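The lines below spell out each chain.
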Amino acid sequence: MPTVLETYIENRWMVQPNHSNHLGSTHGGNVLKWMDELGAMSAMRFAGETCVTARMDQVNFKRPIPVGDTALIEAFVYDAGETSVKVRLRAARENIRTGETESTAESYSVYVAVDEDRNPVPVPDVTTETDRGEKLRERALDGEANR
């Protein structure tokens, strides 16, 4: 049974001109796509099954990610239902040379585990096993309750 930390995935995309809008920053649709893809990967790592997007909660874009910066996306599973997996998603702009990050967007998403016939299948319970995993899970649950 995977723990919260075992579902933690982060990825980076170098923001290129083809990712940008007319203002020279990342098009919001690209950020949403990257968040959704990474969220699904985290859910699949947890469930051990293919997972499909059921819901992506409100996403507020706090600040842009300019061309030339890196989009850093983080995802981890923080809760589960019978067949559903809740994933915490965060996006940031990162200066790849200095490692400096600044939060740009966040969301809570739900994925459903499905079999080969696309029928929902059960998922395991969420476990933490470490202080860091427990803190990540608690912050996600608190954030979900307060949004």
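What counts, and where the lines are drawn
- Residues numbered from 1 in each chain as written.
- Predicted model: local features only at pLDDT ≥ 70, side-chain atom pairs only at ≥ 80, totals over all residues.
- Heavy atoms only, no water.
- Core = buried A, V, L, I, M, F, W, Y, C linked by side-chain atoms within 4.5 Å.
- Buried < 20%, exposed > 50% of the residue type's maximum accessible area, 1.4 Å probe, protein only.
- Helix = DSSP H or I, 4+ residues; strand = E, 2+ residues; numbered from the N terminus.
- Contact = heavy atoms within 4.5 Å.
- Pairing = 2+ DSSP bridges.
- Axes fitted to C-alpha atoms, helices over the stretch in contact; angles between N-to-C directions.
- UniProt positions renumbered as here; feature names shortened; annotations may be inferred.

S.K.: Let's hear about the nonpolar core: which residues, and what values?
M.R.: Membership of the largest hydrophobic core comes to 35 residues, with the highest contact counts inside it found for V85 and V87. Elements with a minimum of two residues in this core: β1 (9–14), α2 (28–47), β3 (70–80), β4 (84–94), β5 (101–114) and α3 (131–146). It is α2 that provides the largest number of residues to this core, a total of eight residues. Here V85 is in contact with A43, F46, A47, V77, D79, A80, S109, V110, Y111 and V123, once residues within four sequence places are set aside.

S.K.: Lay out the sheet that holds strand β2 (residues 50–56) in plain terms, naming residues and giving numbers.
M.R.: The five strands lie next to each other as β1-β3-β4-β5-β2, forming an open sheet whose pairing is antiparallel. Strand pairing shows two members of the sheet lacking a second neighbour, β1 and β2, which therefore form its edges. Adjacent strand axes in the sheet meet at a mean angle of 30°, parallel and antiparallel pairs treated alike. The pairing of β4 with β5 spans 11 bridges and is antiparallel.

S.K.: So what's going on with unusual backbone geometry? Residues and values would help.
M.R.: Unusually for a residue other than glycine, R118 sits at a positive phi of about 65°. Mapped onto the secondary structure, R118 falls in the loop between β5 and α3. Overall, the relative accessible area of 71% leaves R118 in the exposed class. A positive phi angle, close to 65°, is found at E129, a residue other than glycine. Looking at the element boundaries, E129 is found in the loop between β5 and α3. The exposed category is assigned to E129, whose relative accessible area is 69%.

S.K.: Summarise the UniProt feature "domain: HotDog ACOT-type" (unreviewed entry) in the protein; cite the residues concerned and give the values.
M.R.: Under the present numbering, the feature "domain: HotDog ACOT-type" (unreviewed entry) in UniProt falls on residues 5–117. Its end C-alpha atoms 30 Å apart, residues 5–117 is made of 20% helix and 43% strand.

S.K.: So what's going on with the environment of N11? Residues and values would help.
M.R.: Summarising the element assignment, N11 is placed in strand β1. Spatially, the C-alpha atoms of N11 and L72 are 5.9 Å apart, while their sequence positions differ by 61 residues. Other than its neighbours up to four places away in sequence, N11 contacts L38, A71, L72 and I73.

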